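Spelled out from the first residue to the last, the chains are:
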Amino acid sequence: MTDLLSMNFGEMQEFVRALGEKPYRAAQLYSWLHAKGAVSFSEMTNLPKTFRETLAEEAELSVPEIRTVQESKLDGTRKYLFRLSDGEYVESVFMRYHHGNSVCISSQVGCRMGCTFCASTVLGLTRNLTAGEMLAQIYGISRDTGERVSNVVVMGTGEPLDNYDNLVRFLRMVSDEHGLNISERNLTVSTCGLVPEIKRLAGEKLMINLALSLHAPDDALRRRLMPVAKAYPIREILAALDSYYSVNRRRLTFEYSLIRGVNDSMDQAEALARLLKRRNCLVNLIPVNPVTENDYRETRPAEAAAFKKKLEKYGINVTIRREMGRDIDGACGQLRKRCTEMDADL
Ligand code: SAH
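Bear in mind the structure is a predicted one, so any value in this text is a computation, not a measurement.

Caption draft 1: Broad picture of the packing of aromatic side chains. One pass over the full model with this rule turns up three aromatic pairs. Ring geometry for tyrosine 256 against phenylalanine 307: centres 5.3 Å apart, planes inclined by 35 degrees, an arrangement best described as tilted. Taken together, the positions of tyrosine 256 in strand S12 (residues 252-258) and phenylalanine 307 in helix H10 (residues 301-313) put the pair 51 residues apart, joining distant regions of the chain. For the pair shown, tyrosine 256 and phenylalanine 307 are each scored as buried. Directly above the aromatic system of tryptophan 32 lies the positively charged group of lysine 36, at a separation of 4.1 Å from the ring centroid.

Caption draft 2: Seen up close, the sheet that holds S12. Reading across the sheet, the ten strands line up as S3-S4-S5-S6-S9-S10-S11-S12-S13-S14 and stay open at both edges, with mixed pairing between neighbours. In the strand order of this sheet, the two ends are held by strand S3 (65-71) and strand S14 (317-320), each with one partner. Going from strand to strand, the sheet's axes swing by 20 degrees on average, the running direction of each strand aside. As paired elements, strand S4 (residues 78-83) and strand S5 (residues 89-97) share six bridges and run antiparallel to each other. In the sheet register, phenylalanine 82 faces S5, and the bridge partner there is valine 90. Contacts from helix H8 (residues 234-248) reach strand S11 (209-213) and S12 within the one sheet, and its direction differs from that of S11 by about 170 degrees.

Caption draft 3: Spatial organisation of the packing of helix H6 (residues 195-202) against H8. Following both chains from N to C, one finds H6 and H8 inclined at 5 degrees, their axes separated by 9 Å at the closest point. Here H8 runs roughly parallel to H6, going by the angle between their axes. The residues of H8 that touch H6, namely those facing Val195, Ile198, Lys199, Leu201 and Ala202, are Glu236, Ile237, Ala240, Leu241, Tyr244 and Val247. When its residues are assigned to classes, the contact of H6 with H8 shows nine nonpolar, no polar and two charged.

Caption draft 4: Here's a closer look at the side chain of threonine 253. As for its placement among the helices and strands, threonine 253 is situated in strand S12. If we skip the residues at most four places from it in the chain, threonine 253 touches Leu210, Ala211, Leu212, Leu282 and Asn284.

Caption draft 5: Region of interest: the side chain of glutamate 255. Following the sequence through the fold, glutamate 255 ends up in strand S12. Only 2.8 Å separates the side chain of glutamate 255 from the side chain of serine 190, close enough to count as a polar contact. Dropping the residues within four chain positions of it, glutamate 255 is found in contact with Met155, Ser190, Ala211, Leu212, Ser213, Leu214, His215, Asn284, Ile286 and Arg321.

Caption draft 6: Quick look at unusual backbone geometry. A positive phi angle is found at lysine 205, which is not glycine, with a value near 55 degrees. Its place among the elements puts lysine 205 in the loop between H6 and S11. On the basis of relative accessible area, lysine 205 is assigned to the exposed category, the value being 61%. Of note in this structure, arginine 249 is not a glycine but carries a positive phi near 60 degrees. Position of arginine 249 relative to the elements: it lies in the loop between H8 and S12. Here arginine 249 falls in the exposed class, since its relative accessible area comes to 56%.

Caption draft 7: Seen up close, the packing of helix H5 (residues 164-174) against H6. In the contact formed by H5 and H6, the axes pass within 12 Å of each other and the chain directions differ by 30 degrees. With respect to H6, the element H5 is oriented roughly parallel. When you trace H5 past H6, the crossing you get is right-handed. Residues Tyr164, Asp165 and Val168 of H5 pack against Glu197, Arg200 and Leu201 of H6. Taken together, the residues of the contact of H5 with H6 break down into three nonpolar, no polar and three charged.

Caption draft 8: Inspection of helix H2 (residues 24-34) at higher detail. Most of H2 is tucked away, with nine of its eleven residues classed as buried. Arg25, Ala26, Gln28, Leu29, Tyr30, Ser31, Trp32, Leu33 and His34 are the residues of H2 that are buried. The inward-facing, buried residues of H2 contact helix H1 (9-18), helix H3 (49-58), helix H4 (131-145) and H5.

Caption draft 9: Structural detail: the site of the ligand. In the region of the ligand, 18 residues are neighbours, and Phe117, Ser190, Ser213, His215 and Asn289 sit closest. At 2.6 Å from an oxygen atom of the ligand is found a side-chain nitrogen or oxygen belonging to serine 213. Calculation on the ligand without its partners gives an accessible area of 530 Å², and the protein chains cover 94% of this total. Sorting the residues of the shell around the ligand by element identifies strand S10 (187-191) and S12 as the ones contributing at least two each. A breakdown of the residues in the shell around the ligand according to their chemical character gives eight nonpolar, eight polar and two charged.

Caption draft 10: The arrangement of H4 in detail. Under the 1.5 Å per step criterion, the end-to-end length of H4 is 22 Å for 15 residues, consistent within 8% with the ideal 21 Å. Of all 15 residues making up H4, twelve are buried, and the element is well covered by its neighbours. At the C-terminal side of H4, glycine 146 shows a positive phi close to 70 degrees.

Cut-offs applied
Residues numbered from 1 in each chain as written. Predicted model: local features only at pLDDT ≥ 70, side-chain atom pairs only at ≥ 80, totals over all residues. Heavy atoms only, no water. Phe/Tyr/Trp six-rings, centres within 6.5 Å; stacked < 30°, edge-to-face > 60°. Helix = DSSP H or I, 4+ residues; strand = E, 2+ residues; numbered from the N terminus. Buried < 20%, exposed > 50% of the residue type's maximum accessible area, 1.4 Å probe, protein only. Lys NZ or Arg CZ within 6 Å of the ring centre and 35° of its normal. Pairing = 2+ DSSP bridges. Axes fitted to C-alpha atoms, helices over the stretch in contact; angles between N-to-C directions. Contact = heavy atoms within 4.5 Å. Parallel < 35°, antiparallel > 145°, perpendicular 65-115°, else oblique. Nonpolar A, V, L, I, M, F, W, Y, C, P; charged D, E, K, R; others polar. Polar contact = N/O pair within 3.5 Å; in protein donor to acceptor, adjacent residues only side chain to side chain. Left-handed = near helix turned anticlockwise from the far one by under 90°. Near = heavy atom within 4 Å. Areas by Shrake-Rupley, 256 points an atom, 1.4 Å probe, with all protein chains shown as cover. Expected span 1.5 Å × (residues − 1).

Now the structure itself:
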């Protein structure tokens, strides 16, 4: 069966032609799927009944269903758990900012990167998400809230660059004028730093933003926190990011989760500042979200503020991330993990 939701516009034109339909039907069908967020063929009322029947025979429209929604009483952030057609679960988050609504999507079921502070990787990688499954998280949330989504961050469960082809297909489709038409400048991909894929992405000529999960100012500590650091030293990652920057001139973001007594000393702030200075970048400090699998604790607010101040002395832009939805299972991957365990118990 053809996976309709992962088909880009050109492929859909080809598909519709092969079925013997008029070319303009491709735009209608694409718009139902990607602009109107249809979940069934029967909704597509401007398509002839015979065409809809052919579609149902030839293609699969399996839209992930919303299993649970949690809403934060603190800031209205909504966390969604989607059930995929094979029974797997992924999480996505909807956030309202003054500049518009943002959705954080997952790119894989689980993750194989093994970062020690992260709940998403505890069960390992189950599978990659298709482009359609990445898109469907945004469509489902948009339908549920009745609101337009203007920003997308690929920062949920999974390492997006470990699912490279589906990710790039997703990025092109979400910014396609026939679909949601979100500007590439409003798309952000967060990576733990896979150097070959960062270099490859630079060649795609996409104007998207990159965020690097750094979390340590030196390789020795980074290797302790993130096993992937054994493959790629910070120096190589920065070189790859610099070449990405030279192509598309998008300001780089460095994510740094502050873990009390591990990576939050003044010396480490100084080392981080020296590492990053003279780059057009933003450092996003995130008080680590404690998860049950480890005993990390977040840096206290006063120390986080001092860390920020030290970086700013070197002229670096810094924000301390507002903690959105802390009251709703804040830590990444926890909701899915609990639900998967729950299903296993049934
Ligand atoms: N694999 C990608 C994207 C998913 S993780 C990446 O590594 O960037 C999204 C972000 O959340 C990353 O910066 C990750 O390091 C961070 N993160 C994961 N677990 C966290 C936790 N318990 N507390 C704070 N940040 C966490």
